[in-house]
Every structure is written in structure tokens, then in C-alpha cells.
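# Reading the structure
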Amino acid sequence: RDDGTVVTWGCRSDGQRDDAPTCAGFVAIACGHLHSVALRDDGTVVTWGCRPAGQRKDAPTGAGFVAIACGHSHSVALRDDGTVVTWGDRSDGQ
């Protein structure tokens with residue numbers, strides 16, 4: 001939405017909808033198979049949905065992120081200094 005709020009729909013069996021953030025200020029969203037990642041305007045990353053392979057618990061903390069992306073069960077974030085942070089499933093070299 002124009003105000004930066006997140007709207008979700010679809011399956012909710014693994015928290016894909018119920019755990020979604022309800023505040024404003026988001027500038028990007030990426031979706032994996034059963035998890036989602038959002039980038040806030042302050043450079044922080046928020047995750048929700050399924051977590052068995054670390055899609056949520058291993059997410060980076062702090063600010064300074066400028067881009068995000070998701071694979072099937074893993075996620076990637078780019079910091080403002082050009083470094084890349086990855087988390088989630090790494091069973092196939094992700």
C-alpha cells in the first residue's frame with residue numbers, strides 16, 4: 001500500500017498470514033515457499049511464516065539493509081556497504 005503497510009492473503013497453515021506485520025513503513029517484500037521477508041524504510045528486515053529451516057530465526061538483525069530476496073526456503077539481504085547476508089535452508093548450497 002502507499003502507506004507502507006503489508007497486506008497478505010492465501011494459506012495460513014504456517015503463519016504466512018497470521019504472523020504478518022501490521023505496522024507501516026515497508027518498502028519491499030519478497031516471498032519464499034512458506035515464508036516472507038519485508039524491508040522497512042529504516043533498513044531493518046522483518047520475517048514471517050514457516051521457520052523449520054531457519055527462514056525466520058536466523059534472519060539478520062539491525063539496520064543498514066537496502067534489498068531483499070527469497071528462494072524456496074532461504075532468504076538473502078543486501079547491506080548498504082555491499083555485503084550479502086543469507087539465512088534459512090542451506091542443504092543445497094544456498
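Preceding this section is the structure that the text describes.
Below or above, wherever it landed, is the structure these notes cover. (Residues numbered from 1 in each chain as written. Predicted model: local features only at pLDDT ≥ 70, side-chain atom pairs only at ≥ 80, totals over all residues. Heavy atoms only, no water.)

### Considerations on the sheet that holds strand β3 (residues 45-49)
Applicable threshold: Here, strands pair whenever DSSP counts at least two bridges between them. To qualify as a helix, a DSSP run of H or I must reach at least 4 residues; to qualify as a strand, a run of E must reach at least 2; elements of each kind are numbered from the N terminus. Each axis is a line fitted through C-alpha atoms, and for a helix only the stretch in contact is used; angles between axes span 0 to 180 degrees, taken between their N-to-C directions.
If you trace the 3 strands from one edge of the open sheet to the other, you get β1-β2-β3, paired in antiparallel fashion. Every interior strand has two partners, whereas the edge strands, β1 (26-31) and β3, have only one. Strand-to-strand twist in this sheet, taken as the mean axis angle between neighbours without regard to direction, amounts to 20°. When β1 meets strand β2 (residues 35-40), the two strands line up antiparallel, connected through 5 bridges. Across the sheet, residue Ala 28 finds its bridge partner in β2, namely Leu 39.

### As for the packing of aromatic side chains
Counted only if it meets this: Two rings belonging to Phe, Tyr or Trp (six-membered ring only in the last case) form a pair when the distance between their centres is within 6.5 Å. Interplanar angles under 30 degrees mark stacking, angles over 60 mark edge-to-face geometry, and anything in between is tilted. For a ring to carry a charge above it, either NZ of a lysine or CZ of an arginine must fall within 6 Å of the ring centroid while also lying within 35 degrees of the normal to the ring plane.
This structure, assessed with the given rule, holds 0 aromatic pairs. Cation over ring: Arg 40 sits above Phe 26, and NZ or CZ is 4.9 Å from the ring centre.

### Details of the side chain of Ser 73
We count it as follows: The buried label applies to any residue whose accessible area, calculated with a 1.4 Å probe on protein chains only, is under 20% of its type's maximum; exposed applies above 50%, and partly exposed to all values in between. Definition of a polar contact: a pair of N or O atoms within 3.5 Å, with one able to donate and the other able to accept a hydrogen when the atoms are protein atoms, and with sequence-neighbouring residues admitted only if both atoms are side-chain atoms.
With respect to the element layout, Ser 73 can be found in the loop between β4 (65-70) and β5 (74-79). Judged by relative accessible area, which is 12%, Ser 73 ranks as buried. At a separation of 2.9 Å, a polar atom in the side chain of Ser 73 contacts the side chain of His 72.

### Quick notes on the sheet that holds β4
A sheet is described by the order of its strands in space; here 3 strands give the open sequence β4-β5-β6, paired in antiparallel fashion. Both outer strands of the open sheet, β4 and β6 (84-88), are each paired with one neighbouring strand and no more. Across this sheet, the average inter-strand angle for adjacent strands is 20°, counted without regard to direction. By the bridge criterion, 5 bridges tie β4 to β5 in an arrangement that is antiparallel. Residue pairing across strands places Ala 67 opposite Leu 78, the latter belonging to β5.

Shape descriptors only; they carry no functional weight alone.
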